[in-house]
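# Descriptive structure summary
Spelled out, the chains give:
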Amino acid sequence: MIRDAEALNALLATVARFVRERLVPAEPLVDETDEIPAGIVAEMKAMGLFGLTIPEEYGGLGLTMEEEVLVMFEMGQTSPAFRSLFGTTVGIGSQGLLMDGTEAQKSRYLPRLATGELIASFALTEPEAGSDAASLRTSATLSGAHYVLNGTKRFITNAPHAGIFTVMARTDPQDHGAGGVSAFIVEAGTPGLRLGKRDRKMGQRGAWTCDVIFDDCRVPATSIIGGIPGRGFRTAMQVLEKGRIHIAAICVGVAERLLRDALRYATERRQFGQAIAGFQLVQAMLADSKAELYAARCMTLDAAQRRDRGENVSTEASCAKMFASEMCGRVADRAVQIFGGAGYMAEYGIERFYRDVRLFRIFEGTTQIQQLVIARNMVKAVS
Amino acid sequence: MKKILVGVKRVVDYNVRVRVKPDGTGVALDGVKMSVNPFDEIALEEALRIRERGQANEVVVASIGPADSQQQLRTALAMGADRALHVQTDSTIEPLGVARAFLKLVERENPFLVIFGKQAIDDDNGQTGQLLASLWDRPQVTFASRLELGEATARVTREVDAGLETLDVDLPAVITADLRLNEPRYVKLPDIMKAKKKPLETLSLADLGADTREHLRIVRVGPPSQRTKGVMVKTTEELVEALKKKGLF
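The numbers attached to residues start from 1 for each chain and follow its sequence in the written order. Chains carry letters from A onward and ligands carry numbers from 1 onward, assigned in written order. Where totals are concerned, whole chains, interfaces and linings use all residues; where local detail is concerned, this predicted model gives features only for residues with pLDDT of at least 70, and gives and counts side-chain atom pairs only at 80 or more. As a convention, hydrogens and water are excluded, and side-chain values are obtained from all of the structure's heavy atoms.

## Section: the overall build of chain A
Secondary structure follows DSSP: runs of H or I at least 4 residues long count as helices, runs of E at least 2 residues long count as strands, and numbering of each begins at the N terminus. Scanning chain A from N- to C-terminus turns up 13 helices and nine strands. Scaling as 2.2 N^0.38, a compact globule of 383 residues should have a C-alpha radius of gyration of about 21 Å, and chain A matches this with 21 Å. On the principal axes, the C-alpha backbone points of chain A span a range of 80 × 55 × 40 Å. Contact criterion: two residues are considered in contact whenever any of their non-hydrogen atoms come within 4.5 Å of each other. The contacts of chain A with a sequence gap of at least 6 include a subset with a gap of at least 24, amounting to 75%. Accessible surface is estimated by sampling points in the Shrake-Rupley manner with a 1.4 Å probe; for residues, cover comes only from the protein chains shown. Carbon and sulfur atoms provide 54% of the accessible area of chain A, an area that totals close to 16,200 Å². Our radius of gyration looks at C-alpha atoms and nothing else; its globule reference is 2.2 Å times the residue count to the power 0.38.

If you want it as structure tokens, here you go:
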């Protein structure tokens, strides 16, 4: 926890400098090789980026949601693949453990997560259970002091790097809904756990996903987060709610980068004898982007501050994630348009961002799921 | 106790486009991002490496400036300095005054090495190190790009117009750091928190008894003149002709 302007400014300045000097120059290489160079990974770990949200008593920084959002505004100023590498460890992969884990579970894993020694991954999605997460089929059957896991998890971010997985599995076969689901911590290397082939994706090259397959994978019964079965879905939803504000902040950061690049190009590119930034139709694209970006930034900060105050932010988190990710898509589209032919060419990097940001509207709850969350909360409040 | 004293100045961040105040009395600083002078960061990095090699026990950073200079001292502590001294003043102190104040700090702390950046990127005076060495009556090596410490001497390579020059000096000495001396480390984020607990002592110029009378008067501050548009020539002959016309060839 920082909550002091001086330390927070120093932290943001450090992250901004690292992004500017180390990450931005590596963007084309990461896209070309689909891999973040080992030296950069080591620097990210040494800086403490993996421990942003882990409490100080476990070796992390214990950032508040607002502070996390401010750091993500800075981290968003480069390819989202860099953020993705530590994003699951500071976010969805570790938060279940943090929110609902037992003291033994926390002290076993959190210190190693904070240093980046262990990378955490979040395994909820399945081939047949995406937006309808509560219908998941991965089973966990009690057998003595163990649970036996069977099933397949799909598109699992950082699975190839992960040291631990937060896995949602059905412990009660009679309950086909949310109540039958439990959250487990499963260590990589557990017999019966194997990884599928790395997925080929549209964008965010350098961020790896793959299937995680459980085939009679035996884990100690004490691996259930918090030790109580049947609470997994609730844990997952709490984790995702926080994750939505984090993703909204990244969307704001990336959109800021794109708009800055587009504005610079518009002031340098000359057509019809003048810089294209002087043309009103280009100005309209710049102005719309600026206003939407400002709205998303304010919304994200407000949701984060409310969460820090202990308010229920289910609606606000979904509003911020939905609006910021859709805004980011529009800003990326306009950036390509302002760059014109150059925007379509790989050399300028704009088309890469355009592909990268498409994911924001899909993962951690599609725009349509956010709409449902928002509307259901509205209806529930009046009925 | 083998101590190194490092000077840290609060300056406008190097990424900021500096604007001159309309009345020509200085540059606009309101709401402008301030940072540690980049050459001072290099100076500090060198001191930390010397300590990490076991050739020093303590790195003390010092800054002379307004209350907000403590932000830069905290950054220096987060980078790894052990202790900070803040000589607080709201007046602008010219290089001779800064050197005199540092002499008092040197007398207090007894360092075997003082490292400054070769210049601060705000006024680019590049005088404090030289002035301090003279007042302290100790050797100086400016524009260092390599520094090797012996028991009682230092071998320093400095960047000069003709290339590189290597000097051996007796310690204690004053060294000023050039760009290629090292590449400063990134601050580790948890160290930013730990820096809050490191000692930072605030002093006044009166406490030190340093003479900081002004000898310089700023007449006017103005932006550099705009560069005029260049001329494109097609051949070497044309270039020679154009240069001749300007009397440059």
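## Points about the sheet that holds strand β5 (residues 83–88) of chain B
Residues and elements named next belong to chain B. Reading across the sheet, the nine strands line up as β9-β8-β7-β10-β6-β1-β4-β5-β11 and stay open at both edges, with mixed pairing between neighbours. Edge positions in the open sheet fall to β9 (163–170) and β11 (200–204), since each of these has one partner strand only. The average undirected angle you get between the axes of adjacent strands in this sheet is 35°. Alignment of strand β1 (residues 3–7) against strand β4 (residues 58–65), held across five bridges, turns out to be parallel. For Leu5, the partnering residue across the bridge sits in β4 and is Val60. Running at roughly 150° to β4, helix α3 (residues 95–109) makes contact with β1, β4, β5, β6 (113–117) and β11 of the sheet. For two strands to count as paired, DSSP must find a minimum of two bridges between them. Lines fitted to C-alpha atoms define the axes, with helix axes restricted to the stretch in contact, and inter-axis angles between N-to-C directions lie between 0 and 180 degrees.

## A closer look at the interface of chain A and chain B
Facing 23 residues of chain A, the contacting portion of chain B comprises 18 residues. Summed over both partners, buried area is the accessible surface (1.4 Å probe) that two parts give up on being assembled. Summing both sides of the interface, chain A and chain B together bury roughly 1,700 Å²; the carbon and sulfur share of this comes to 60%. Definition used for salt bridges: Asp or Glu carboxyl oxygen within 4 Å of a side-chain nitrogen of Lys or Arg. Counting across the chain A and chain B interface gives three salt bridges. A salt bridge links Arg74 of chain B to Glu6 of chain A; the shortest N-O distance between them is 3.9 Å. N or O atoms closer than or at 3.5 Å make up a polar contact, with two conditions inside protein: a donor-capable atom paired with an acceptor-capable one, and, for residues adjacent in sequence, both atoms drawn from side chains. Inspection of the chain A/chain B interface yields six residue pairs in polar contact (both at pLDDT 80 or more). Listed by contribution, the elements that provide at least two residues to the side of chain A that touches chain B are α1 (5–23) and α3 (38–47) of chain A. The dominant element in the side of chain A that touches chain B, judged by the number of residues it contributes, is α1 of chain A, at twelve residues. Within the side of chain A that touches chain B, the residues separate by chemical class into 13 nonpolar, two polar and eight charged. In this classification, the charged set is Asp, Glu, Lys and Arg, the nonpolar set is Ala, Val, Leu, Ile, Met, Phe, Trp, Tyr, Cys and Pro, and all remaining amino acids, among them Gly, are polar.

## Re the domain arrangement of chain A
Residue and element names in this part refer to chain A. What the domain assignment lists for chain A is domain 1 (5–115), domain 2 (120–231) and domain 3 (234–382). Listed by partner, the interface residues are 25 residues for domain 1 and 22 residues for domain 2. For domain 1, the biggest contributors to the area lost against domain 2 are Asp34, Gln105 and Tyr109; these three give 28% of the whole. Applying the counting rule to domain 1 against domain 2 returns three salt bridges. Per the annotation, domain bounds derive from an automatic or database assignment of domains.

## A word on the nonpolar core
Considering soluble globular proteins, one finds that nonpolar side chains tend to be buried as a cluster. Throughout this description, the term nonpolar core refers to a set of buried Ala, Val, Leu, Ile, Met, Phe, Trp, Tyr and Cys residues connected via side-chain atoms within 4.5 Å. Each residue's exposure class comes from its accessible area (1.4 Å probe, protein chains only) as a fraction of the maximum for that residue type: buried when under 20%, exposed when over 50%, partly exposed otherwise. Of all hydrophobic cores here, the largest spans 117 residues; its most connected members are Leu52 and Met75 of chain A together with Leu113 and Leu147 of chain B. Among the elements that line this core, the one with the most residues is helix α8 (residues 232–268) of chain A, at 14 residues. Residues lining this core come from more than one domain, with at least three contributed by each of domain 1 (5–115) and domain 3 (234–382) of chain A. Filtering out sequence-adjacent residues up to four positions away, Met75 of chain A remains in contact with Val15, Val19, Leu23, Phe82, Arg83, Phe86 and Ile250 of chain A. Core analysis: the next-biggest nonpolar cluster, separate from the first, contains 27 residues, Leu98, Leu110, Phe122 and Ala133 of chain A among them.

## Section: α8 of chain A
The first and last C-alpha atoms of α8 of chain A sit 53 Å apart over 37 residues, in line with the 54 Å expected at 1.5 Å per residue. Within α8 of chain A, 28 of the 37 residues are buried, which leaves it mostly tucked inside the rest of the structure. Under the convention used throughout, the expected extent of a helix is 1.5 Å for every residue step, that is, one less than its residue count.

## Quick notes on the packing of aromatic side chains
Residues and elements named next belong to chain A. Each aromatic pair joins two rings of Phe, Tyr and Trp (for Trp, the six-membered one) with centres within 6.5 Å, and gets the label stacked for planes under 30 degrees apart, edge-to-face for over 60, and tilted for any other angle. Tallied over the full model, the rule gives nine aromatic pairs over all chains. With centroids separated by 6.2 Å and ring planes inclined at 65°, the aromatic side chains of Phe339 and Tyr348 adopt a geometry described as edge-to-face. Of the aromatic side chains, those joined through ring pairs into one cluster are Tyr265, Phe339 and Tyr348. Its end group placed over the ring of Trp208, Arg198 keeps NZ or CZ at 3.6 Å from the ring centre. The ring of Phe353 is capped by Arg352, whose NZ or CZ atom sits 5.1 Å from the centre of that ring. Ring-over charges, as used throughout, are those where CZ of Arg or NZ of Lys falls within 6 Å of the ring centre and within 35 degrees of the ring normal.

## Side note on the confidence of the model for chain B
This prediction gives chain B a mean pLDDT of 93; 100% of its residues lie at or above 70. Both scores are given for the predicted complex: the pTM is 0.88, the ipTM 0.79. Note on scores: pLDDT gives the predictor's confidence for each residue, bounded by 0 and 100.

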